[in-house]
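Structural overview
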Amino acid sequence: PRSAPDTVYEPLAATLVNTTTTGTMYQSVNIPTRAERCRLAVKYYFTAATSTSLTTNVYIGSIKVSAYRSATEIVIREYKLYSYLQYIIVTGGANQYVGQLDGYFRTEEQLVVEVPVLPSYTSIRLTLSIDHTSNQNLYFIDPQMTCAFTPTSPDTATSTESIATNSGDTAALQALWTALGGKMTNWRETGSATFNGDPCRNQWKGVICRRNRVVELQLRGQQLAGTMPSLAAMDALEVIDVRDNNITGVWNVGSTQTRLREVRISNNLITSISSGTAFTHSGQTCLQSFYASNNQIAAFPATGLSNSASLRVVDLSQNVMAGALPTLTSMTALVQFSVGQN
């Protein structure tokens, strides 16, 4: 376990070694002064392909969120995770959620819990448990713990409570709104000339932050329309999801985002992919998946494929590409390559 005054953590991936049947890990954080609520999130994925032998629900782990009053634990929420075929079933209290994970391609899902902070709470804890007794395929990744507050004024907020979003990230988000619009109403109210303060502190819709940097853009189906502006300043981005919009022109995001793990731009009107971005850029050593189906892409971005050794999934199906494909021998991690319906 680790703790720090800024209440945010670096990415972490964890599972059990083969010789261990069960295990538990946790992270705790002290609640900052004047905090009103804390948000805990963790991603998980499941590596099992469809299996006829896993036709009953098998317990594989749990996620627990607790608050502490001195040394006393108060369990806020606890979820049990079960495997069924290639899916994860999440249960919590009277609720049950059947995930849509496709284990073979390691699709991620995220569980988020918001905890109202009572004056007596001193810390919160996220506990993750894995059970490999029957099934050894559950992974947790990227736990995040953040606490929100309302400063009395910028001058009186303490240094650990007033960390503003990186100025380059903020400017890029504002440029994205100006270029594409959208229905992210808490970025800027319709008709307003000013933006809604700080993106990370004010939790702009679809903006995921860590250590005052924007690390994910989750803007699927937000009625974005127009040409994507430069997001070069957002060099901490790890995930971009702008599926199901009306983005047009050249996709030019990726030249500075060397931490990108996942890009999802399917179901838009994009006509080409810049050769200096996406999965052909020399700095893209982390990128694992690139989904760009159902666009208007006319040519495969062949230049720089030798830089794509980390890619596992490429989906360029349902576009208008023509001609021969380039050699893909350098894409040594590839498990899914889709170019159908071109």
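Residues numbered from 1 in each chain as written. Predicted model: local features only at pLDDT ≥ 70, side-chain atom pairs only at ≥ 80, totals over all residues. Heavy atoms only, no water.

The next point concerns the state of the cysteines. A full pass over the atoms with the stated rule returns 1 disulfide. Put simply, Cys200 and Cys209 are joined by a disulfide, and their sulfur atoms are 2.0 Å apart. What sets the handedness of the Cys200 and Cys209 disulfide is the S-S torsion sign, and at about -85° it is left-handed. Judged by relative accessible area, Cys209 falls into the buried class, the value being 16%. (Disulfide = S-S within 2.5 Å. Buried < 20%, exposed > 50% of the residue type's maximum accessible area, 1.4 Å probe, protein only.)

Relative to the elements of secondary structure, Ile76 occurs in strand 5 (residues 72-84). Judged by its relative accessible area of 25%, Ile76 falls in the partly exposed class. Sequence separation of Ile76 and Ser66 is 10 residues, and the distance between their C-alpha atoms is 5.1 Å. The residues contacting Ile76, other than those within four sequence positions of it, are Val65, Ser66, Ala67, Val115 and Tyr121. (Helix = DSSP H or I, 4+ residues; strand = E, 2+ residues; numbered from the N terminus. Contact = heavy atoms within 4.5 Å.)

Taken residue by residue, the protein chain gives an average pLDDT of 76. The fraction at 70 or more is 74%. The model gives residues 150-162 a pLDDT under 50, and that stretch makes 15 contacts with residues more than four places away or in other chains. (pLDDT = per-residue confidence, 0-100.)

All right, on to the packing of aromatic side chains then. We describe a pair of aromatic rings using the distance from one ring centre to the other and the angle between the two ring planes. Here the structure, examined in full by the defined rule, presents 6 aromatic pairs. On the basis of an interplanar angle of 80° and a centroid distance of 6.4 Å, the ring pair of Trp177 and Phe195 is categorised as edge-to-face. Of this pair, Trp177 sits in helix 1 (residues 167-180) while Phe195 is found in the loop between helix 1 and strand 11 (207-210), placing the two residues 18 residues apart along the sequence. Assessed through its relative accessible area of 10%, Trp177 is described here as buried. What links up through ring pairs into an aromatic cluster is the set Trp177, Trp187, Phe195 and Trp204. (Phe/Tyr/Trp six-rings, centres within 6.5 Å; stacked < 30°, edge-to-face > 60°.)

The next point concerns the nonpolar core. Formed by 39 residues in total, the largest nonpolar core has its most connected members in Trp187, Val214, Leu217, Trp251, Phe290 and Leu316. Elements supplying a minimum of two residues to this core: helix 1, strand 11, strand 12 (213-218), strand 15 (246-251) and strand 17 (269-273). Ranked by the residues each element gives to this core, the list is headed by helix 1, at 5 residues. If near-sequence neighbours (up to four positions away) are discounted, Val214 is found in contact with Thr165, Asp169, Leu173, Cys200, Val207, Ile208, Cys209, Met234, Ala236 and Leu237. (Core = buried A, V, L, I, M, F, W, Y, C linked by side-chain atoms within 4.5 Å.)

With 8 of 9 residues buried, strand 9 (residues 123-131) lies mostly within the body of the structure. Note: strand 2 (residues 22-30) against strand 9, 9 bridges, orientation antiparallel. Counterpart to Val29 in the pairing with strand 9 is Ile124. (Pairing = 2+ DSSP bridges.)

Working definition: the strands of a sheet are paired by backbone hydrogen bonds and lie parallel or antiparallel to each other. Sheet architecture is open: 3 strands sit in the order 13-15-17, paired in parallel fashion. Edge positions in the open sheet fall to strand 13 (225-227) and strand 17, since each of these has one partner strand only. Strand after strand, the sheet turns through a mean of 10° between neighbouring axes, direction not considered. Alignment of strand 15 against strand 17, held across 4 bridges, turns out to be parallel. For Gly249, the partnering residue across the bridge sits in strand 17 and is Ile270. The strands touched by helix 1 within the sheet are strand 13 and strand 15, with strand 13 carrying the most contacts at an inclination of about 115°. (Axes fitted to C-alpha atoms, helices over the stretch in contact; angles between N-to-C directions.)

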